Amino acid sequence: MRVFLPIRSAHDRRLSTQGIIEALIEDGVLPKSVAEAFLIPARTSINSDVHPLTLISKQNWKCASPTNEVISIDYLGSWLSKKVGLPYFIIDPLKIDVAAVGGVVTHAYASRYGILPIEVTPTTVTIATSEPFIREWEEELTKILNRTIVRVLASPIDIAKYLPEFYNLSRFVKKASNQVTQQNFLQNFEQLVELGQKGTLDANDHHIVSLVDWIFQYAFEQRASDIHVEPRRDMGNIRFRIDGVLHNAYQVPTTVMQAIIARIKALGRMDLAEKRRPQDGRIKTKTPDQREIELRLSTMPTAFGEKLVMRIFDPQILIKNFSELGFSSDDQANWNRFIQRPHGIVLVTGPTGSGKTTTLYTTLKQLANDEVNVCTVEDPIEMIEPSFNQMQVQSQIDLDFASGVRTLLRQDPDIIMIGEIRDKETAEMAIQAALTGHLVLSTLHTNDAPSAIIRLIDLGVPEYLITASLVGVMAQRLVRTLCPHCKAPDELDEMAWNDLLKPYKAPMPNKVYKAVGCLECRMTGFKGRVGLYEMLTVTPDLKRLISKSAAPDTLKLQAMKDGLKPLKLSGAQKIAAGLTTLEEVLKVVPTDHDD
């Protein structure tokens, strides 16, 4: 492939800003008038310390082509990669073995040439660079490493960001591992003991502190909802759940893993000495952009030691409105009709991780004002919200949901939120609260909205109390949403569409989309999640059937006559709107067997 010499300086072989701009003009990417307006005043003031691609990308110029695309750093990288004949590589930290690449060359050597190892195999080392014409290091490393060097082009912004981050992380782990004391002990149930080789690390060691800080900040940057810290026999895994899917983030030696868990337990005010029983805790911290974040901690003893899971709660979700959560206009109207009632029970159902808590917190946040007293009893308290009066279930002192509701009824509440109705006693207390003039919100674990009525009957609640107190039920699921930056038109599988909607009917959408993958979505094709909802209103006709102990299918049929739109139809609407795919909806909606 022809190499255009103007894009580099003959003196130091580094890319030059003027050369890049001239090449962009030559290729018809950049209008000549725009470039000249920049170059004339900038000839004497261009900062040579800033990489040319970075400097040009900051101008927010648009292509001269009909697409009018913004000339971003990745656009420039892709364009330059074709010029110099190198593949363009987008650095995804979750897909790089930081420990392995950190041992290829020293931090000083990598910084000197602006290179970053990204993959190591027994025969090759792949190295990213943003200066394709600087190659002295390639011959040197080939001799030193005795492996083939594979060069790729990467964004100078990514290299500048991840080079110190990867090497600092690798250094923290190495130094922490070297500081293991020679105190030997059996650290877990299924450990392969190597006497004199393993010991304990101080949780307050500054390397461990730095590692924990990195884990938190990295998880926030990656939009993780959960952080899993999992011990294994030799190495421990750190995994992030992003948009409902777990991704490997990093591996550390078991001794370092123990110190990381101890550090996090200390921050969460948990008992460091107790490793045999589960514990709960919470941490409040800030993201790199200074937003407050709460983390709920949970430990569990496993065969290889304590496992720690941190659920990340962003208070910003309380500010979202219902349309941002995925409510259609009909859903929003029905839900508002439920929660505006002065008294009665409103239930939200769905499996774990379907967004029930988010829906309830958003609802309570909108209902809470100076004129009402909002009280909750939760297990545990998910997020601290100043406008609520929140109480946590504590089984060790016999404070369960039922006794918690009994206490709240003496606190002059207007609105009560019960974390979950798990047993007959809690259900009866919720109904008593509703019958005495309070609005009660709670959750159940059922497949769909009509099943919530059957679940209450199974718990032993008399039918007449259900008809007297239940206002409505909402079932919900979460599906991943297509990345708006890279989604592409797709052909709809008509047979799969009909299978999804069976036995319901909905017109075939004119256009559907598929996941592609780009830098914005970390090459997954999806970014964020949205809710699917079905609303059941307890109408007079439905009450008559409940009183007669009607079968579940009969109740569901009547609910549909009264306007219930099943989760399948909600999913079909999201597909037709280009928000998600048929495959994503099929993963979460109840099957025919469930129905």
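Residues numbered from 1 in each chain as written. Predicted model: local features only at pLDDT ≥ 70, side-chain atom pairs only at ≥ 80, totals over all residues. Heavy atoms only, no water.

How we decide: UniProt positions are given in the numbering used here, feature names are shortened, and annotations may be inferred rather than shown by experiment.
The protein chain is annotated in an unreviewed UniProt entry as GspE/PulE family protein of Leeia speluncae. Under the heading Sequence similarities (unreviewed entry), UniProt records this for the protein chain: "Belongs to the GSP E family."

1. What about the pairing of strand 2 (residues 124-129)?
Note the cut-off: Only protein chains enter the calculation, and the probe is 1.4 Å; a residue is then buried if its accessible area is under 20% of its type maximum, exposed if over 50%, and partly exposed in between. Strands are runs of DSSP state E lasting at least 2 residues, helices are runs of H or I lasting at least 4, and numbering of each runs from the N terminus. When DSSP locates at least two bridges between a pair of strands, those strands are taken to pair.
With respect to burial, strand 2 is a largely interior element, 5 of its 6 residues being buried. In textbook terms, the turn of a hairpin is the stretch between consecutive antiparallel strands, and for strand 1 (residues 115-120) and strand 2 this stretch comprises 3 residues. Relative to strand 3 (residues 148-153), strand 2 runs parallel, the two sharing 6 bridges. Residue A128 lies in a different strand from strand 3, and its bridge partner there is V152.

2. Overview of the pairing of strand 4 (residues 226-230)
For strand 4, the tally of buried residues reaches 5 of 5 residues, placing the bulk of the element in the interior. Side-chain alternation along strand 4 places D226, H228 and E230 on one buried face and I227 and V229 on a second face that is also buried. Between strand 4 and strand 5 (residues 235-242), which follow one another and run antiparallel, lie 4 residues.

3. Things to note about helix 14 (residues 401-408)
Defined as follows: A contact between two residues is defined here by any heavy atoms of the two lying within 4.5 Å. Polar contact is defined as a pair of N or O atoms within 3.5 Å, subject to the rule that within protein one atom must be able to donate a hydrogen and the other to accept it, and that residues adjacent in sequence are counted only when both atoms are side-chain atoms.
For helix 14, the buried fraction is high: 6 of the 8 residues fall into the buried class. Among the residues making up helix 14, those that are buried are F401, A402, S403, G404, V405 and L408. Against strand 11 (374-378), strand 12 (389-392), strand 13 (415-418) and helix 15 (424-435) lie the buried residues of helix 14. Between the side-chain oxygen at the start of helix 14 and the backbone nitrogen of A402 there is a gap of 3.4 Å, and the oxygen is on D400.

4. With respect to the UniProt feature "domain: Bacterial type II secretion system protein E" (unreviewed entry) in the protein chain
Taking the numbering used here, the UniProt-annotated feature "domain: Bacterial type II secretion system protein E" (unreviewed entry) corresponds to residues 409-423. Helix makes up 0% of residues 409-423 and strand 27%. Its end C-alpha atoms lie 19 Å apart.

5. A few points about the packing of helix 9 (residues 206-221) against helix 10 (residues 254-267)
Formally: For helices, the axis comes from a line fit to the C-alpha atoms of the stretch in contact; other axes are also lines fit to C-alpha atoms, and the angle between any two N-to-C directions lies between 0 and 180 degrees. Roughly parallel refers to an angle under 35 degrees, roughly antiparallel to one over 145, roughly perpendicular to one between 65 and 115, and oblique to any angle outside these ranges. Residue classes follow a fixed rule: Ala, Val, Leu, Ile, Met, Phe, Trp, Tyr, Cys and Pro count as nonpolar, while Asp, Glu, Lys and Arg count as charged, and any other residue, Gly among them, counts as polar.
As a packed pair, helix 9 and helix 10 sit with axes 9 Å apart at the nearest point and diverge in direction by 75°. Considered as vectors, helix 9 and helix 10 are oriented roughly perpendicular to each other. Note on element contacts: helix 10 touches helix 9 through V256, A259, I260, R263, I264 and L267, opposite I208, V209, L211, V212, I215 and F216. The residue inventory of the contact of helix 9 with helix 10, partitioned by class, reads 11 nonpolar, no polar and 1 charged.

6. A few points about the side chain of R480
Mapped onto the fold, R480 is located in strand 15 (residues 470-482). The class of R480 is buried, set by a relative accessible area of 16%. Among the polar contacts made by the side chain of R480, one reaches the side chain of E584 at a distance of 3.0 Å. Sequence-distant contacts of R480, defined by excluding residues within four places in its chain, comprise D243, V245, F526, G528, R529, L579, T580, E584 and K587.

7. Details of the confidence of the model for the protein chain
Rules: Looking at any residue, its pLDDT shows the predictor's confidence there, from 0 to 100.
Predicted confidence across the protein chain gives a mean pLDDT of 85, with 90% of residues reaching 70 or more. At the low end of the mean pLDDT range in the protein chain sits helix 2 (residues 32-42), at 69; at the high end sits strand 10 (residues 344-349), at 96. Across residues 1-5 the pLDDT falls below 50, and counting only partners more than four positions away or on other chains, this stretch makes 9 contacts in the model. Low pLDDT, under 50, characterises residues 181-200; the predicted model gives this stretch 38 contacts beyond four residues in sequence or across chains.

8. Details of the sheet that holds strand 10
The strand order across the open sheet formed by 7 strands is 12-11-13-14-10-15-18, and the pairing between neighbours is mixed. Each edge of the open sheet is held by one strand with a lone partner, namely strand 12 and strand 18 (526-537). Direction aside, neighbouring strands of the sheet carry axes that sit 20° apart on average. Sheet topology places strand 11 next to strand 12; 4 bridges connect them, and they run parallel. By the bridge assignment, C375 is partnered in strand 12 with N389. Of the strands in this sheet, strand 15 and strand 18 are in contact with helix 21 (residues 567-576), which crosses strand 18 at around 140°.

9. A closer look at the packing of aromatic side chains
The criterion, for reference: Between 30 and 60 degrees the pair is tilted, below 30 it is stacked and above 60 it is edge-to-face, where a pair is any two Phe, Tyr or Trp rings, Trp via its six-membered ring, whose centres lie within 6.5 Å. Two conditions define a charge located above a ring, namely a distance within 6 Å from the ring centre to NZ of Lys or CZ of Arg, and an angle within 35 degrees of the ring normal.
Tallying each qualifying case throughout the model produces 9 aromatic pairs. Between W214 and Y250, the aromatic rings sit 5.8 Å apart at their centres with planes inclined by 65°, giving edge-to-face as the arrangement. Separated by 36 residues along the polypeptide, W214 in helix 9 and Y250 in strand 6 (residues 245-253) bring together distant segments of the chain. Exposure class is identical for W214 and Y250. Each is buried. With 6.1 Å between their ring centres and 75° between their planes, W335 and F338 make a pair best called edge-to-face. Of this pair, W335 and F338 both sit in helix 12 (residues 329-339), separated by 3 residues, roughly a single helical turn. Assigned by exposure class, W335 and F338 land together as buried. Following the ring pairs from residue to residue traces out a cluster consisting of W214, Y218, F240 and Y250. The ring of Y513 carries the charged tip of K487 above its face, separated from the ring centre by 4.6 Å.

10. Comments concerning the environment of L536
Counting through the fold element by element, L536 comes out in strand 18. Distance from L536 to M560, taken between C-alpha atoms, is 8.3 Å for residues 24 residues apart in sequence. Not counting residues within four places of it along the chain, the set of residues in contact with L536 comprises F338, A449, P450, I453, G472, V473, L542, A559 and L564.

11. Focus: helix 16 (residues 450-458)
Convention followed: Of all possible arcs, the one meant is that of the directions from the helix axis to the C-beta atoms.
Of the positions making up helix 16, those classed as buried are P450, A452, I453 and L456. For helix 16, the angular spread of the buried residues around the axis is 160°, confining them to a single face. In the segment just after helix 16, G460 is the residue with positive phi, at about 105°.

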